[in-house]
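Analysis of the macromolecular model
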Amino acid sequence: MNLRETIATSFTDGIAAVFQNNKTKFISKSGETLLDTDYFGVKNFSCGRALFQNNGKYGYLDIHGKIVIPPNFEYAYDFSEGYATAVIPNGITLGRAFIDVNGNFINDQIYNNSMHFRDGIVSVQHPSGKHGCINAAGEYVIDPISDDYISFSDGLASISVKGKIGYIDCKGQIVIPPKFGYAGDFREGMAVIGKRNKFGFINRLGEVIVETNYNDAEDFYEQLAPVKLGRNWGYLNPDGEFAIEPRFTGASCFSEGIALVYEKKNITLMKRNMEMIELGDQYERLESFSEGLSVVTIRERRKTYPITIHSTEVTFCKD
């Protein structure tokens, strides 16, 4: 990557990171610079902390740009619910441990793999190789039963057992037996399933509500799901019927009432009522809208800027 390019993240809580000239600054939605740092690639703030890298090690800044957790970790992840995963030496290998927002380890356990805290628990890999969930005290609240990570969404989490995927509830009880070759997270009461490279959807009872007839499928957001039939993408409603017929070469999930659809190489913004906002060919790439803004890559200059949800004009971060 050319570090002279301008790269921008999506907005979170009204703040976005902009990477330029080997440094990172944080801006408001009006384009005002809120914080300048001397580091490139600083992550967005979560729980008042932003992950940064210095000399190959990782630590955290506070919202004033002050180092509050020194860069002593081999790698680290964003905070979630007040805790973050830090990668540290574990004998001759590396392991994962959990820290609080002050950099203190919350227990004395080190794991081979882990995810992020959600609803007070986190998926970790047991020495047996199986994955279960612990609380902040390091106590298992869901026994190690899965061959892969356990991640909850809509109150259910997928588990993998002998190559088949099913679902458990927050108590660790199996509610949908492992029987699917592929199954995604639940969104709005439905999850994508796959069989022989074809995709459909199930409900929370494990019942197939949309047969695996599609070449590809994404999650339901705002009651619509992008699916690919043949070479084109359209949108299904929760009844499994096409709300928007397949006619696009690419399509994103809806976010804040807007989806990104592709007709050949051009990107168009589409509202739920199918009103189109034509963008022409000036943008090479857009991201889904977050807090009313989308990050775009301008084709000619190959730089990324946020634009407003109603306008195609670049609003800030200009040279």
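A short tour of the structure in this document, coming up. (Residues numbered from 1 in each chain as written. Predicted model: local features only at pLDDT ≥ 70, side-chain atom pairs only at ≥ 80, totals over all residues. Heavy atoms only, no water.)

1. Some thoughts on the overall build of the protein chain
To keep it simple, the criterion reads: For helices the rule is a DSSP run of H or I covering at least 4 residues; for strands it is a run of E covering at least 2, with both sets numbered from the N terminus onward. Only the C-alpha atoms count toward the radius of gyration. The rule for a globule is 2.2 Å times the residue count to the power 0.38. Relative accessible area decides the class of each residue, using a 1.4 Å probe on protein chains only: under 20% of the type maximum gives buried, over 50% gives exposed, and in between gives partly exposed. By definition, residues are in contact when any of their heavy atoms lie within 4.5 Å. Shrake-Rupley sampling with a 1.4 Å probe provides the accessible areas, and residues are treated as covered by the protein chains on show and by no other component. In this tally, Asp and Glu contribute negative charge and Lys and Arg positive charge; neither His nor the terminal groups of the chain are included. Lys charges are placed at NZ, Arg charges at CZ, Asp charges at CG and Glu charges at CD.
Each helix and strand in the protein chain was counted, giving 0 helices and 32 strands. Its C-alpha radius of gyration of 22 Å places the protein chain within 12% of the 20 Å reference for a compact globule of 319 residues. Across its three principal axes, the protein chain shows a C-alpha extent of roughly 55 × 55 × 30 Å. Per-residue burial over the protein chain gives 46% buried out of 319 residues. Looking at the protein chain alone, contacts between residues at least 24 apart form 26% of all its contacts between residues at least 6 apart. In the structure as shown, the protein chain presents an accessible area of about 16000 Å², 47% of it carried by carbon and sulfur atoms. Measuring between centres, the 33 positive side-chain charges of the protein chain sit 6 Å from its 40 negative side-chain charges.

2. Here we look at the environment of Phe105
Mapped onto the secondary structure, Phe105 falls in the loop between β10 (93-100) and β11 (122-125). Among the residues examined, Phe105 registers a relative accessible area of 42% and is labelled partly exposed. On a C-alpha basis, the gap between Phe105 and Phe26 in space is 28 Å, while along the polypeptide they are 79 residues apart. Phe105 has contacts with Phe73, Ile88, Ala97, Phe98 and Ile99, leaving out every residue within four places of it along the chain.

3. What about empty space enclosed by the protein?
Formally: Only protein atoms enter the 1 Å grid used here. Points where a 1.4 Å probe fits but cannot escape make up a cavity, open sets with protein on both sides within 12 Å along at least five of seven lines make up a pocket, and a residue lines them when an atom lies within 4 Å of a point. Grid points are joined across faces, edges and corners, and a volume is the space filled by probe spheres set on the points. Charged means Asp, Glu, Lys or Arg here, nonpolar means Ala, Val, Leu, Ile, Met, Phe, Trp, Tyr, Cys or Pro, and polar covers whatever is left, Gly included.
Following the criterion strictly, the structure yields 1 cavity of 30 Å³ or more and no others. Looking at the largest cavity, the residues that line it are Asp78, Ser80, Tyr83, Ala84, Thr85, Phe98, Met115, His116 and Phe117. Counted by class, the lining of the largest cavity contains 5 nonpolar, 3 polar and 1 charged residues.

4. Side note on the side chain of Thr85
Examined against the element boundaries, Thr85 turns out to sit in strand β9 (residues 83-90). A residue is classified by how much of its surface remains accessible, and Thr85, at 3% relative accessible area, is buried. Beyond its immediate chain neighbours, meaning those up to four positions away, Thr85 contacts Tyr60, Ala76, Tyr77, Arg96, Ala97, Phe98, Ser114 and Met115.

5. Observations regarding the nonpolar core
Under the convention used in this document: Only buried residues count toward a nonpolar core, which is a set of Ala, Val, Leu, Ile, Met, Phe, Trp, Tyr and Cys residues joined through side-chain atoms within 4.5 Å.
Grouped together as the largest cluster of nonpolar side chains are 12 residues: Leu51, Tyr58, Tyr60, Ile69, Phe73, Ala76, Phe79, Ala84, Ala86, Ile88, Ala97 and Ile99. Sorting the residues of this core by element identifies β6 (57-61), β7 (67-73), β9 and β10 as the ones contributing at least two each. Here the element with the most residues in this core is β9; it accounts for 3 residues. The residues touching Ala84, leaving out its near neighbours within four places in the chain, are Tyr60, Tyr77, Asp78, Phe79, Ala97, Phe98 and Ile99.

6. Some words on the side chain of Ser146
We apply this condition: For this analysis, a polar contact is any N or O atom pair within 3.5 Å, provided that within protein one partner can donate a hydrogen and the other can accept it, and provided that sequence-adjacent residues contribute only side-chain to side-chain pairs.
Relative to the assigned elements, Ser146 resides in strand β13 (residues 140-146). Polar side-chain contacts of Ser146 include one of 3.0 Å to the backbone nitrogen of Ser160. Filtering out sequence-adjacent residues up to four positions away, Ser146 remains in contact with Lys130, His131, Ile159 and Ser160.

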